[in-house]
Amino acid sequence: MQQKIIILDFGSQTTQLIGRRVRELDMFCEILPYNKFPKDDPSVIGVILSGSPFSVYDESAFKINLNEIRGKYPILGICYGAQYMSYALGGKVEPAASREYGRANLMSFDHENPLFKGFDEHSQVWMSHGDTITALPEHFKVIASTDKVVNAAYQAEGEQLWGVQFHPEVFHSVQGTLLLKNFVVDICGGKQDWSAASFVDTTVAELKAQLGNDRVILGLSGGVDSSVAAVLLNKAIGKNLTCIFVDHGMLRKNEFKNVMHDYECLGLNVIGVDASEKFFKDLEGVTDPEQKRKIIGRDFIEVFDAEAHKITDAKWLAQGTIYPDRIESLNITGKTIKSHHNVGGLPEEMNLKLCEPLQWLFKDEVRRVGRQLGMPEHLITRHPFPGPGLAVRILGDITPEKVRILQDADDIFIQGLRDWGLYDQVWQAGVILLPIKSVGVMGDERTYERAVALRAVTSTDAMTADWAHLPYEFMAKVSNDIINKVRGVNRVCYDISSKPPSTIEWE
Ligand code: XMP
């Protein structure tokens, strides 16, 4: 049986990161809402409680009945998780005199405690909390302190229960992964048996058993997730898989042709549908970003449906949904920033069952599985690209001519990143066509043409992002090439906004 660690989510921004770190230790884990602990699941070997934007005293703070897990599994509380266990078991949590935020060093720690096995003196940790534990419950002992935080980590004596007020999951906690390993492997007894090879073997066997001789339809987007899902399914059921790849006319330059070629080389059974005319017609004159997304989403489903209906004996719709798409994250604000368009949504009358073979994987794991399946590196390391494509990178209305300008500029930028060895250093990159014209001079001629913005970001999950600090020489070359080679553009800017407060895409 595949062992698992359960991470209970109390709404922290770093909960997913805890999950990723545990997976990096080749341990399977599941992130669940704080109040959805799975009772009677024999594969659970330990529990981690995440941080939270709440204070334990807030009326709406998330609370659980610790007796459901205490004494049954080893438990590690992180930040709020640590404060909550201490508070619930009789300790005191109060607002810190000054917010404890940023780097700190463990000035002392219990060298004998299994949680700190292998730790260096003064190990750097990352703090981020407004409250602090001022008194521990009676049977708790302090096992680490920083110069400002006495109760930086504790253990309940005689119990398998630990708490740390710092965040071992973030990069700046230098030995954070070691701490998680100590917990997951040494304390919980994790066998570290989660690997790409084992995933492929078990999933292919499961898909064979689940799908039998049924016919399956899958929507390909050219992106990593749907491509890996297709190759995995192809390995399991071969010709019973039919893939549909819709060209809405707003893909990157030559992308449709190149990706179709890749898919065919992979032996996939793919139907390519050029529906660009329909999309351009329906988008004519539309300038509102949300409206554009809605039209593209609707048209996409129509085109996909029409194709899918031709496969009359299909029983399943497969999707490249990955774990972060599914995690029922606790959105405290309840606000939608941008509506994301998803493939699928076939009408109910088709009666298709859903098959999501990557639903447990993080993005980096999808890439590892792709490599395990022998897929070409350029398909695996491809940057994320939004479903509505260049439509959300053309500010204002969309015309084939604007798409042409943007495709040419984008192609120079992306090819440049590859040539300079920078492509793999950024999370994603692209060009935005601005709805303004500016004056320039070319030769002796005055020009009055479009401006474009280059966008390149670093990120780990697209939830937060920083602008990529690309070399000036590179930007100079790209700017020069775009202005000289792309008819209709005479000015290039670089977007230096981070997310938040900006977003990665401009629309
Ligand atoms: P934002 O702009 O919200 O983007 O910071 C975060 C990530 O999501 C991608 N993105 C989309 N993907 N449909 C998609 O499939 C969409 O409508 C969409 N909007 C943004 C974006 O490229 C980035 O990777």
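Residues numbered from 1 in each chain as written. Predicted model: local features only at pLDDT ≥ 70, side-chain atom pairs only at ≥ 80, totals over all residues. Heavy atoms only, no water.

### Comments concerning the overall build of the chain
- A tally of regular secondary structure across the chain gives 13 helices and 19 strands.
- Against the compact-globule benchmark of 23 Å for 507 residues, the chain has a radius of gyration of 26 Å, which places it among compact chains.
- Within the chain, buried positions represent 57% of all 507 residues.
- The contacts of the chain with a sequence gap of at least 6 include a subset with a gap of at least 24, amounting to 74%.
- Carbon and sulfur atoms form 49% of the exposed surface of the chain, whose accessible area is close to 22,800 Å².
- Of the side chains in the chain, 54 bear a positive and 67 a negative charge, and the two mean positions are spaced by 3 Å. (Helix = DSSP H or I, 4+ residues; strand = E, 2+ residues; numbered from the N terminus. Rg over C-alpha atoms; globule rule 2.2 N^0.38 Å. Buried < 20%, exposed > 50% of the residue type's maximum accessible area, 1.4 Å probe, protein only. Contact = heavy atoms within 4.5 Å. Areas by Shrake-Rupley, 256 points an atom, 1.4 Å probe, with all protein chains shown as cover. Lys, Arg positive; Asp, Glu negative; His and termini not counted. Charge placed at Lys NZ, Arg CZ, Asp CG, Glu CD.)

### Let's talk about the nonpolar core
- Counting 51 residues, the largest nonpolar core has Met250, Phe413, Leu417, Leu470 and Ile482 as the members making the most contacts within it.
- In terms of residue count, the dominant contributor to this core is helix H12 (residues 400–419) (8 residues).
- Once residues lying within four places of it in the same chain are set aside, the contact partners of Ile482 are Ala409, Ile412, Val452, Leu454, Val489 and Val492.
- Counting 42 residues, the second largest nonpolar core, distinct from the first, contains Leu218, Cys243, Val270 and Met375. (Core = buried A, V, L, I, M, F, W, Y, C linked by side-chain atoms within 4.5 Å.)

### Some thoughts on the environment of Asp288
- Tracing the backbone through its elements, the reader meets Asp288 in the loop between helix H7 (276–283) and helix H8 (289–309).
- Residue classification places Asp288 among the partly exposed residues on the basis of a relative accessible area of 39%.
- When the C-alpha atoms of Asp288 and Val392 are compared, they prove to be 9.9 Å apart, with 104 residues separating the residues in sequence.
- Side-chain polar atoms of Asp288 contact the backbone nitrogen of Gln291, separated by 3.0 Å. (Polar contact = N/O pair within 3.5 Å; in protein donor to acceptor, adjacent residues only side chain to side chain.)

### Thoughts on the pairing of strand S9 (residues 153–156)
- Residues Ala153 and Gln155 line one face of S9 and the alternating positions Tyr154 and Ala156 line the opposite face, and both faces are buried.
- By the bridge criterion, 4 bridges tie strand S8 (residues 140–145) to S9 in an arrangement that is antiparallel. Counterpart to Phe140 in the pairing with S9 is Ala156.
- The sheet contact formed by S9 and strand S10 (residues 161–164) spans 3 bridges and is antiparallel. In the sheet register, Tyr154 faces S10, and the bridge partner there is Gly163. (Pairing = 2+ DSSP bridges.)

### A word on the packing of aromatic side chains
- Counted by the stated rule, this structure contains 25 aromatic pairs.
- Plain terms: the ring middles of Phe28 and Trp194 are 4.7 Å apart, the flat faces sit at 45° to each other, and that makes the pair tilted. Of this pair, Phe28 sits in the loop between helix H1 (15–24) and strand S2 (29–33) while Trp194 sits in the loop between helix H3 (176–187) and helix H4 (196–211), placing them 166 residues apart in sequence.
- For Trp194, a relative accessible area of 8% puts it in the buried group.
- Between the aromatic rings of Phe109 and Phe116, the centroid separation amounts to 5.6 Å while the plane-to-plane angle is 45°, which identifies the pairing as tilted. We note that Phe109, like Phe116, is buried. (Phe/Tyr/Trp six-rings, centres within 6.5 Å; stacked < 30°, edge-to-face > 60°.)

### Describing the side chain of His129
- Within the secondary structure layout, His129 lies in strand S7 (residues 124–135).
- Taking the relative accessible area as the measure of exposure, His129 reaches 4% and is therefore buried.
- Among the polar contacts listed, one links the side chain of His129 to the backbone oxygen of Asp131, at a separation of 2.5 Å.

### Remarks on the domain arrangement of the chain
- Under the domain assignment used here, the chain contains domain 1 (4–187), domain 2 (196–380) and domain 3 (394–494).
- Placing the centre of domain 1 and that of domain 2 at their C-alpha centroids yields a distance of 37 Å.
- Listed by partner, the interface residues are 19 residues for domain 1 and 13 residues for domain 2.
- Taken together, the two surfaces of domain 1 and domain 2 that pack against each other cover about 1,300 Å², and 60% of this comes from carbon and sulfur.
- When residues of domain 1 are sorted by the area they lose upon contact with domain 2, Gln16, Arg23 and Ile31 head the list and together hold 38% of the total.
- Taken together, the connections running from domain 1 to domain 2 amount to 3 salt bridges.
- A salt bridge links Asp26 to Arg368, with the nearest nitrogen and oxygen atoms 3.5 Å apart.
- The tally of links from domain 1 across to domain 2 stands at 4 residue pairs in polar contact (both at pLDDT 80 or more).
- Looking at the side of domain 1 that touches domain 2, the elements with two or more residues in it are H1 and S2.
- The element contributing the most residues to the side of domain 1 that touches domain 2 is H1, with 5 residues.
- Partitioning the side of domain 1 that touches domain 2 into residue classes produces 9 nonpolar, 3 polar and 7 charged. (Domains from an automatic or database assignment. Buried area = accessible area lost by both parts, 1.4 Å probe. Salt bridge = Lys/Arg side-chain N within 4 Å of Asp/Glu carboxyl O. Nonpolar A, V, L, I, M, F, W, Y, C, P; charged D, E, K, R; others polar.)

### What about the pattern of salt bridges?
- A complete count under the given rule lists 30 salt bridges for this structure.
- Here Glu159 ties to Arg70 by a salt bridge, and the two come within 2.7 Å at their closest N and O atoms. Within this pair, whereas Glu159 is found in the loop between S9 and S10, its partner Arg70 is found in the loop between strand S3 (44–49) and strand S4 (75–78), the two being separated by 89 residues in sequence.
- Judged by relative accessible area, which is 17%, Glu159 ranks as buried.
- Linking Arg215 and Asp313 is a salt bridge whose minimum nitrogen-to-oxygen distance equals 3.3 Å. Of the two residues, Arg215 sits in strand S11 (residues 215–220) while Asp313 sits in the loop between H8 and strand S14 (314–318), which places them 98 residues apart along the sequence.

### Structural notes on the sheet that holds S3
- Strand order in this open sheet of 8 strands is S2-S1-S3-S4-S10-S9-S8-S6, and the pairing throughout is mixed. Each edge of the open sheet is held by one strand with a lone partner, namely S2 and strand S6 (108–109).
- Relative to S4, S3 runs parallel, the two being bridged by 3 bridges. By the bridge assignment, Leu49 is partnered in S4 with Gly77.
- Strand contacts of helix H2 (residues 80–88): S3, S4, S8, S9 and S10, with the helix running at about 115° to S4, the strand carrying the most contacts. (Axes fitted to C-alpha atoms, helices over the stretch in contact; angles between N-to-C directions.)

### Considering the environment of Tyr263
- Along the chain, Tyr263 turns up in helix H6 (residues 255–265).
- As a C-alpha pair, Tyr263 and Cys243 span 20 residues in sequence and 9.5 Å in three-dimensional space.
- Not counting chain neighbours up to four residues away, the residues in contact with Tyr263 comprise Leu220, Ser221, Gly222, Gly223, Ser227, Phe245, Leu268 and Val270.
- Within the structure, the side chain of Tyr263 is placed 3.2 Å from the backbone nitrogen of Gly222, a separation counted as a polar contact.

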